[in-house]
Amino acid sequence: MRPFSVFERLSRAFHDYPSLSRILVVSTISGGGLIAYSEANASSSNNGVETGTRKKKVVLLGTGWAGASFLKDLNNSSYEIQVISPRNYFAFTPLLPSVTCGTVEARSVVEPIRNIGKKKNVEMSFLEAECFRIDPGSKKVYCRSKQGLDNGKKEFDVDYDYLVIATGAQSNTFNIPGVEENCHFLKEVEDAQRIRRTVIDSFEKASLPDLNEEERKRILHFVVVGGGPTGVEFAAELHDFVTEDLVKLYPKAKNLVHITLLEAADHILTMFDKRITEFAEEKFNRDGIDVKLGSMVVKVNDKEISAKTKGELSSIPYGMIVWSTGIGTRPVIKDFMKQIGQGNRRALATDEWLRVEGCDNIYALGDCATINQRKVMEDIADIFKKADKDNSGTLTLKEFQEVIDDICVRYPQVELYLKSKGMRGIADLLKQAQAENASNKSVELNIEELKSALSQVDSQVKFLPATAQVAAQQGTYLAKCFDRMEECEKNPEGPIRIRGEGRHRFRPFRYRHLGQFAPLGGEQTAAQLPGDWVSIGQSSQWLWYSVYASKQVSWRTRVLVVSDWMRRFIFGRDSSRI
């Protein structure tokens, strides 16, 4: 007689004893309930509810690169996070030029902010509103709900313990007449959607009867103002959209479409390597994109744009203008800067720990802020005093080397200066102050000789660019600081305080440049990576695809973006006006 299998034994047991099935069901439900209860109990314990401790409230203004990175990487349950922003999503802005021409759909580059902040151990809430005033004295932010909510705009205030300002910036019009009224900008998803509709509308208008050729040419003349990465990429995307898709649908428009790029500087892509700049200008010339260098826009009306090129004023008829010339400060930030004595600045000044100068519990990051790096020569007397432990009035090389690591962390320009001069260490730098061999431990410097040795160091102070890469790294850095706030209060890990006692809680923020891309159309991209590595061509385009896919904030957007690229390869871009 063959032995029963395990499943046969169980089946017969349940058949012979029906009550066993009920016992199993009850046990499963009760066991699941116990597990759920234990997890909820643990969660509530982690959130500080049972201990009775009050959570510190962190108000985050903005859901851009800086705000989303901060929210995504914050993992300390002792905070209550209140996010306030006029948009309830994060947008992958480097792909906005692709959205304007249908290469990528708008919903593929956005992720709901509640999805990003949905964490088990961090309490997060979101308010769709715009902050219009910050009151650091009472620790309040005053907000206004979006138009259309509650039959109008509703105003309210929110208290905070810590305030993180990540509102980003707005397009800079330089107060040129007519720009605000007649130009498209490319900062938000809505901007990209409006541009896409306008491009399609232009082709439809040009197809209407009873229009002369000059009027058709004007309607199909697209002007891009600004030769930075955004302007160049949009011009390239638009050229591909027209030549690969639209001229097949509008064959009569083939010889009427014209794209012009206006740049006030002597070259486009000035922040890139010279080889990339030259290649981009040559490629645009081959593609028929008219690049006008040294052109400064002075006025815009509903049909013409006036620009001064090499001293000569000319008027250019246009059908659509995209304005991409830099960023300006938002009104709420301007008002806040006036309150704290920074009214003459372009952006909020913070220290190296992203804390707004003069405000201990307010942080600012991303495009709305800039790091005000301390100068070595401003603190030279304190540096000398800190290093001169025996109060002899002179510094030996050994004494200075004991603090040089902290000085390099506190003042990154020191290390950059040593590298720029090909120096191996501080000993080589001090040779400039004394002709004697600096490896000799008996070398001593007074404060004037130290000033002479370090007089050129501050020339290496760098201001960070207003890019998504910088903002994302700042958000991640600040989240890590908040996660370890209490721990670092007890055990500081930063450099020594030059103008005080003890150490700073954290190491200061350091930006790590990972490279930059400039898509130039025709499946060609220019890449400039660390180490002066430059690549131009289709291989760089595939690198661009892989990097941008990997940088998406979720698997959902990653799959959507890649599928959009595949759809475009197979079916082309969609020209529907939706």
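A quick note: this is a predicted structure, and the numbers were derived from the prediction, not measured. (Residues numbered from 1 in each chain as written. Predicted model: local features only at pLDDT ≥ 70, side-chain atom pairs only at ≥ 80, totals over all residues. Heavy atoms only, no water.)

> Would you mind going over the packing of aromatic side chains with me for this structure?
One pass over the full model with this rule turns up 19 aromatic pairs. Ring centres 6.2 Å apart and planes at 70° place the aromatic pair Tyr-545 and Phe-569 in the edge-to-face group. Placement of Tyr-545 in helix H19 (residues 538-550) and of Phe-569 in helix H20 (residues 555-571) is noted, with a sequence separation of 24 residues between them. Classification of Tyr-545 as buried rests on a relative accessible area of 7%. (Phe/Tyr/Trp six-rings, centres within 6.5 Å; stacked < 30°, edge-to-face > 60°. Helix = DSSP H or I, 4+ residues; strand = E, 2+ residues; numbered from the N terminus. Buried < 20%, exposed > 50% of the residue type's maximum accessible area, 1.4 Å probe, protein only.)

> For this particular structure, what's the right way to read the pattern of salt bridges?
Proximity of charged atoms lets side chains of opposite charge pair with each other. A full pass over the atoms with the stated rule returns 36 salt bridges. A salt bridge links Asp-406 to Arg-503; the nearest nitrogen and oxygen atoms lie 3.0 Å apart. One end of the pair, Asp-406, is in helix H13 (residues 397-410); the other, Arg-503, is in the loop between helix H18 (485-490) and strand S24 (516-521), with 97 residues separating them in the sequence. You can call Arg-503 partly exposed: its relative accessible area is 37%. Here Arg-484 makes a salt bridge to Glu-487, at a shortest N to O gap of 3.2 Å. What emerges from the salt-bridge pattern is a single network uniting Glu-105, Arg-196, Asp-564, Arg-567 and Asp-574. (Salt bridge = Lys/Arg side-chain N within 4 Å of Asp/Glu carboxyl O.)

> Hey, could you run me through the sheet that holds strand S14 (residues 295-300) in this one?
In a beta sheet, neighbouring strands pair by backbone hydrogen bonds and run either parallel or antiparallel. If you walk across this open sheet you meet the 3 strands as S14-S15-S16, and the pairing is antiparallel. Because the sheet does not close on itself, it has two edges, and the strands there are S14 and strand S16 (312-317). The mean angle between the axes of side-by-side strands here comes to 30°, regardless of whether they run parallel or antiparallel. The pairing of strand S15 (residues 304-309) with S16 spans 6 bridges and is antiparallel. Looking at the pairing, Ile-305 lines up with Ile-316 of S16. (Pairing = 2+ DSSP bridges. Axes fitted to C-alpha atoms, helices over the stretch in contact; angles between N-to-C directions.)

> Hey, could you run me through the UniProt feature "domain: EF-hand" (unreviewed entry) in the protein in this one?
Mapped onto the present numbering, the UniProt feature "domain: EF-hand" (unreviewed entry) falls at residues 375-410. Between the C-alpha atoms that bound residues 375-410 there is a distance of 10 Å. The span itself is 61% helix and 6% strand. (UniProt positions renumbered as here; feature names shortened; annotations may be inferred.)

> Please explain the nonpolar core as it appears in this structure.
Among soluble globular proteins, nonpolar side chains are generally buried collectively. By size, the foremost hydrophobic cluster in this structure holds 95 residues, and its most contacted members are Phe-70, Ile-81, Val-199, Phe-203, Leu-269, Phe-482 and Trp-565. Looking at which element gives the most residues to this core, the answer is helix H9 (residues 229-249), with 9 residues. Here this core gathers at least three residues from each of two domains, domain 1 (53-171 + 326-372 + 462-511) and domain 2 (181-324 + 513-551). Beyond its immediate stretch of four places on either side in the chain, Val-199 contacts Phe-222, Leu-238, Phe-241, Leu-246 and Met-320. (Core = buried A, V, L, I, M, F, W, Y, C linked by side-chain atoms within 4.5 Å. Domains from an automatic or database assignment. Contact = heavy atoms within 4.5 Å.)

> Whenever I open this one, the pairing of strand S25 (residues 524-529) confuses me. Can you help?
Both faces of the sheet carry side chains from a regular strand, because those side chains alternate between them. The pairing of S24 with S25 spans 5 bridges and is antiparallel. Looking at the pairing, Gly-521 lines up with Gln-524 of S25. In textbook terms, the turn of a hairpin is the stretch between consecutive antiparallel strands, and for S24 and S25 this stretch comprises 2 residues, one of which, Gly-522, has a positive phi near 65°. Taken together, the 5 bridges between S25 and strand S26 (residues 533-537) define a ladder with antiparallel strand orientation. Bridged to Leu-529 within S26 is Trp-533. Once S25 ends, the chain turns through 3 residues before running back antiparallel as S26, passing Gly-531 with a positive phi of about 90°.

> Quick question: what am I supposed to make of H20 here?
Since the α-helix turns once every 3.6 residues, residues separated by three or four places project in the same direction. With 17 residues, H20 should reach 24 Å at 1.5 Å per residue; the first-to-last C-alpha distance of 24 Å fits that figure. Taken as a whole, H20 has its buried residues at Thr-557, Arg-558, Val-561, Asp-564, Trp-565 and Arg-568. Projected down its long axis, H20 carries its buried residues within an arc of 130°, all on one side. Residues of H20 that are exposed and point more than 90 degrees away from the buried face comprise Trp-555, Val-559, Met-566, Ile-570 and Phe-571. On its buried side, H20 packs onto strand S4 (110-112), H9 and H19. One or two steps after H20, the chain reaches Gly-572, where phi turns positive at roughly 85°. (Expected span 1.5 Å × (residues − 1). Arc of directions from axis to C-beta.)

> I would appreciate a short explanation of helix H11 (residues 331-339) in the present structure.
For H11, every residue scored as buried is listed here: Val-332, Ile-333, Phe-336 and Met-337. In an axial view of H11, the angular spread of the buried residues amounts to 135°, which keeps them on one side of the axis. Turned more than 90 degrees from where H11 packs its buried face, Pro-331 and Lys-338 sit exposed. In the core, the buried residues of H11 are packed alongside strand S5 (123-135), strand S8 (162-165), strand S19 (348-350) and strand S20 (362-364). Positive phi shows up at Gly-341, right after H11, with a value of about 80°.

> So what exactly am I meant to see when it comes to the packing of H19 against H20 here?
Each pair of packed helices gets described by two things: the angle between the helix axes and the distance between those axes. Taken N-terminus to C-terminus, the directions of H19 and H20 make an angle of 150°; their axes are 8 Å apart at the nearest point. What the angle tells us is that H19 and H20 run roughly antiparallel. Here H19 contributes Trp-544, Tyr-545, Tyr-548, Ala-549 and Ser-550 to the contact with H20, which in turn contributes Arg-558, Val-562, Trp-565, Arg-568 and Phe-569. Counted by class, the contact of H19 with H20 contains 7 nonpolar, 1 polar and 2 charged residues. (Parallel < 35°, antiparallel > 145°, perpendicular 65-115°, else oblique. Nonpolar A, V, L, I, M, F, W, Y, C, P; charged D, E, K, R; others polar.)

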